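Chains, contacts and geometry: an overview
Spelled out from the first residue to the last, the chains are:
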Amino acid sequence: MSNTAQEILDAVGGPGNITHFTHCATRLRFELRDASVVDKDTVEAIDGVLGAVPQSGDRYQIVIGGAVQSVFNEINNLPSMAGGAAAASNDDVKAAARAKARGKNALVDAFFEYLSDSFRPLLPVLLGASLILAFLAVLDSTGVVDTRAETIPAWLGYVNSMWRAVFYFLPAMVAYNASKKLDIDPWVGTAVILSLLTPNFMGLSNASSFAETTCTTTALGSEQCVTHVGSLPLQLADYGGQVFVPLLMVPILALVYKGLKKIVPSNVQMVFVPFISFIIIMPLTAFLIGPLSIWIGNGLGGGLAWLNGHAPILFAIIIPIIYPFLVPLGLHWPLNALQLANIASTGSDFIQGPMGAWNFACFGATAGVLFLSIRDRDTDMRQTASGALAAGLFGGISEPSLYGIHLRFKRIYPLMLTGCVVGGLVIGIGNGVTTNTFVFTSLLTIPVFTPTAVYGLGIAAAFITAFLMVVLFDYRTKEQKAEAREKKAALNAGVSAAPAAAAPAAAAPAAPAAPEFSDEAKADLTLTAPMAGELVALSDVADEAFSAGALGPGIAVSPAAHAVVVAPCDGKVTVAFPTGHAYGLKSASGVQVLIHIGMDTVKLDGKGFTPRVAKGDVVRRGDVLAEVDWDVIREAGYDTITPMVVTNKKKFGTITPAAPGAVGIDDTVVTVAPKEA
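Residues numbered from 1 in each chain as written. Predicted model: local features only at pLDDT ≥ 70, side-chain atom pairs only at ≥ 80, totals over all residues. Heavy atoms only, no water.

A closer look at the side chain of Asn 359
Put simply, the rule is: Helix and strand assignments follow DSSP, with helices taken as H or I runs no shorter than four residues and strands as E runs no shorter than two, numbered in order from the N terminus. Partly exposed describes any residue whose relative accessible area lies between the buried limit of under 20% and the exposed limit of over 50%, with all areas from a 1.4 Å probe on protein chains only and scaled to the type maximum. Under this definition, polar contacts are N or O atom pairs within 3.5 Å; protein pairs additionally need one hydrogen-donor-capable and one acceptor-capable atom, and for neighbouring residues in sequence, both atoms have to be side-chain atoms. In what follows, residue pairs with any heavy atoms lying within 4.5 Å of each other are defined as contacts.
Mapped onto the elements of the fold, Asn 359 is located in helix 15 (residues 352–375). Residue Asn 359 is classed as buried on the basis of its relative accessible area, which comes to 5%. Engagement of the side chain of Asn 359 in a polar contact is seen with the backbone oxygen of Gly 396, the distance being 3.3 Å. In this view, Asn 359 contacts Gly 396, Ser 398 and Thr 441; residues no more than four positions away in its chain are not counted.

Here is the structure:
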């Protein structure tokens, strides 16, 4: 796995190209200085990588699956990561990098990042607690113990404390993560929420102990208590499990906390910033934010409950249909928060049942892919699908399937959605499904749902429908299926086959063969200048990712007036960004080259660039890759210096750049030596 870690780090441009690095349940999440240097195909070819997901701005996600924590740790433990840019702690640098990464919809992206990062680190403990509940549900359904009896055995009381510890104190955990996300002391945010969970606060609802406390019974049959602190009314509630409270409280705390740090002298900040924050935010949360958060949660839950009660079939179909589009965008977190709020307020939730239809439709589609990969003897896809299916069926985690398979083969989505509709329809006809706890919808948690038979039938229908749709209609294009058939035939014959580039000859005329490179080109390990101008040492480039050699050794050229960008070798175009600012080539001799035209020019969004080649094109030395209006780059305030680096240096010996000076497109600027045996 250590090779995987190093290869991933190299693929994203090395430590110098990383501004922020974290992970979720299945994905490595990078914020990069320049994501344009990352080749998606190269990343996905790394052993252990299930998929790569470029995002807006310079954010990049790499899907690993269940081993993500190990890979994350190994990347951080690599010697080159020590003291690198990824470990920088300067708040202003981080904030600027993240603002840049969010792109045009900064506020929307920031909101969903805030939600995601507040919940994401809690996934392991939520999964652990949900499995304890699933175990108890099995014992209850088999008659071993009545978990709902008024008098229960002591061991059951203790086991209940194990899972309830997670869900009851969930608001404090969310507050900790949310505070870290907003760059304030996480223990201050945690302490504010814990003040609402103390026996002292909870005891205020005891009307017999406090003369100022009065309790009334609502129309729904629940008890509502109000006390008075001085002349101020304080509405009391059980805040255990109420996640909307910390989500609303922490941003307000962050404003107060950061404001205090600006005005309180640094030598006494440790004492007075938390103290004053407590004095302001704790009462504000108890008197206003807490009741308002519960009102918001109850209002949203009530609206969905109304739809579920009046049109259960429609509700049960809508939820599984929208989830496949929410999860890849990270927009499912508000619904997850609402599920938790429903449980905290009413003791049950009705959203997770239909959500299970989506999950099992997702897993059924993955099972269909696994079936076809076994039939076609596709080893790579079989490994990807089997790992994703195991994570789904036993962990309830959909990301390995989504990012490893479904988003790579877009034909799967309509097939999977058919399973979502069928599963949701079954649950809706059964008048809905509820659960009294938050769980991951896996095989192990089926007994948690009521009625279990309706839920089991619904997810089985979703799984089987999606499975059959993928098996019958396939998830690949005609070209991809032709490639699979050719590979299978080659395996049966005991030889290796080249990938098919088109459908069989019976279906369409054979495509012309790619031009062969000469023996001289295959042996040529030199690179000529990508443009005319002034040759500059790579170490003099202002961008650290290039100057430090993180992306590989090479040279840079300060372009001459009206210079065009040309191929430095005979080879194939492996990367051609739509913006026209960067190109990757693989030479006939196997040297992989990256040419990055100007610095930070990805921000021009193609303005000033006229690409002349596309990915997959075969080029000869001197062929024009792009025409560039250098004045547009300069007028936008960007440096025109253009690095050219060798990105697969490990496959070769010494790589020698030419000395700085004037160069033309016929001049050799990099000489690569073969690797010694």
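Some thoughts on the state of the cysteines
Put simply, the rule reads: Only a pair of cysteine sulfur atoms within 2.5 Å qualifies as a disulfide here.
By the definition in use, this model includes 1 disulfide. Covalent S-S linkage joins Cys 215 and Cys 225, the inter-sulfur distance amounting to 2.0 Å. Between Cys 215 and Cys 225, the S-S dihedral sits near 110 degrees, and the bridge is therefore right-handed. Of this pair, Cys 215 sits in strand 5 (residues 214–217) while Cys 225 sits in strand 6 (residues 223–229); the two residues are 10 residues apart in sequence, bridging distant segments of the chain. According to the relative accessible area criterion, Cys 215 is partly exposed, its value standing at 27%. Counting only cysteine sulfurs, Cys 420 is the nearest neighbor of Cys 362, a cysteine outside any disulfide, at a range of 8.2 Å. The exposure class of Cys 420 is buried, given its relative accessible area of 0%.

What about the sheet that holds strand 19 (residues 624–628)?
Hydrogen bonds between backbone groups are what pair the strands of a sheet, and the pairing can be parallel or antiparallel. Test applied: In this analysis, strands are considered paired if DSSP registers two or more bridges between them. Note on geometry: axes are C-alpha line fits, over the in-contact stretch for helices, and angles between N-to-C directions span 0 to 180 degrees.
The strand order across the open sheet built from 3 strands is 13-19-17, with neighbouring strands paired in antiparallel fashion. Among the strands making up the open sheet, the edge pair consists of strand 13 (564–566) and strand 17 (609–611). Here the average twist between neighbouring strands, direction ignored, is 20 degrees. By the bridge criterion, 3 bridges tie strand 17 to strand 19 in an arrangement that is antiparallel. Note that in strand 19 the partner of Phe 609 across the bridge is Val 628.

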